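So the chains spell out like this:
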Amino acid sequence: AQDYDVAFIKILQHQCYKRIKERKYCSTKTLVDWISTSEISNTPLYEQDVQQIVNTLLYDGMIEEVEDMSVPTGSDTLYKVSELSAASFETPLTNIPCGNCPVFDQCSCSVSSAISPYTCPYMKDWMDLF
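Residues numbered from 1 in each chain as written. Predicted model: local features only at pLDDT ≥ 70, side-chain atom pairs only at ≥ 80, totals over all residues. Heavy atoms only, no water.

**Focus: helix α2 (residues 28-37)**
Turning to step 1, where the next piece is worked out: For α2, the full list of buried residues reads Thr-28, Leu-31, Val-32, Trp-34 and Ile-35. One face of α2 carries all of its buried residues, which in axial projection span an arc of 165 degrees. Residues Ser-36 and Thr-37 are exposed on α2 and point more than 90 degrees away from its buried face.
Turning to step 2, where the next piece is worked out: Where α2 is buried, its residues meet α1 (6-23), β1 (26-27), α3 (47-59) and β3 (78-81). (Buried < 20%, exposed > 50% of the residue type's maximum accessible area, 1.4 Å probe, protein only. Helix = DSSP H or I, 4+ residues; strand = E, 2+ residues; numbered from the N terminus. Arc of directions from axis to C-beta. Contact = heavy atoms within 4.5 Å.)

So this is what it looks like as structure tokens:
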């Protein structure tokens, strides 16, 4: 059985997504070449390894295959950032603390309530971002 380093996989996902976004279009081979010349991984990664990372981004709706006939693809499949993905990650509302609050069901909008947006330290930190 293979052991997977979840944190490493998340880093690879993030870096591959970021690279595809920067370049507009990328093939798996392009990503492999880029990873091998960068300092992202000390372990050599092969095309099949990176394809698995690309597949997770595809399944999560983060990227999509290029179907634009004006983009030269050669024999490699090209990927681009999904339009829905790009829009969904650029809104601060996706990070609102209430979405994963363990005491959300006890929260009240009343100023005098012990648990409320007025007393929530996470809400304060989030609001400070604006």
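Next comes the rest of the write-up.
**What to know about the nonpolar core**
Turning to step 1, where the next piece is worked out: One finds Cys-16, Ile-20, Leu-31, Ile-35, Val-50 and Ile-63 to be the most contacted residues of the largest nonpolar core, which totals 18 residues.
Turning to step 2, where the next piece is worked out: Of all the secondary structure elements, the ones that give two or more residues to this core are α1, α2, α3 and β3.
Turning to step 3, where the next piece is worked out: With residues near it in sequence (within four places) discarded, Ile-35 still touches Leu-12, Cys-16, Ser-41, Leu-45 and Val-50. (Core = buried A, V, L, I, M, F, W, Y, C linked by side-chain atoms within 4.5 Å.)

**Some thoughts on the pattern of salt bridges**
Turning to step 1, where the next piece is worked out: Per the counting criterion, the structure on display carries three salt bridges.
Turning to step 2, where the next piece is worked out: Between Glu-22 and Arg-19 there is a salt bridge, with its nearest N and O atoms 3.8 Å apart. Of this pair, Glu-22 and Arg-19 both sit in helix α1, three residues apart, which is roughly one turn of the helix. (Salt bridge = Lys/Arg side-chain N within 4 Å of Asp/Glu carboxyl O.)

**A short note on the layout of surface pockets**
Turning to step 1, where the next piece is worked out: Space inside the second largest pocket adds up to approximately 260 Å³.
Turning to step 2, where the next piece is worked out: Lining the second largest pocket are 17 residues, with Cys-101, Val-103, Ile-115, Cys-120 and Tyr-122 positioned closest to its centre.
Turning to step 3, where the next piece is worked out: In terms of residue class, the lining of the second largest pocket is made up of 14 nonpolar, three polar and no charged. (1 Å grid on protein atoms, 1.4 Å probe; cavity = no way out; pocket = protein on both sides within 12 Å on 5 of 7 lines; lining within 4 Å. Points joined across faces, edges and corners; volume = space filled by probe spheres on them. Nonpolar A, V, L, I, M, F, W, Y, C, P; charged D, E, K, R; others polar.)

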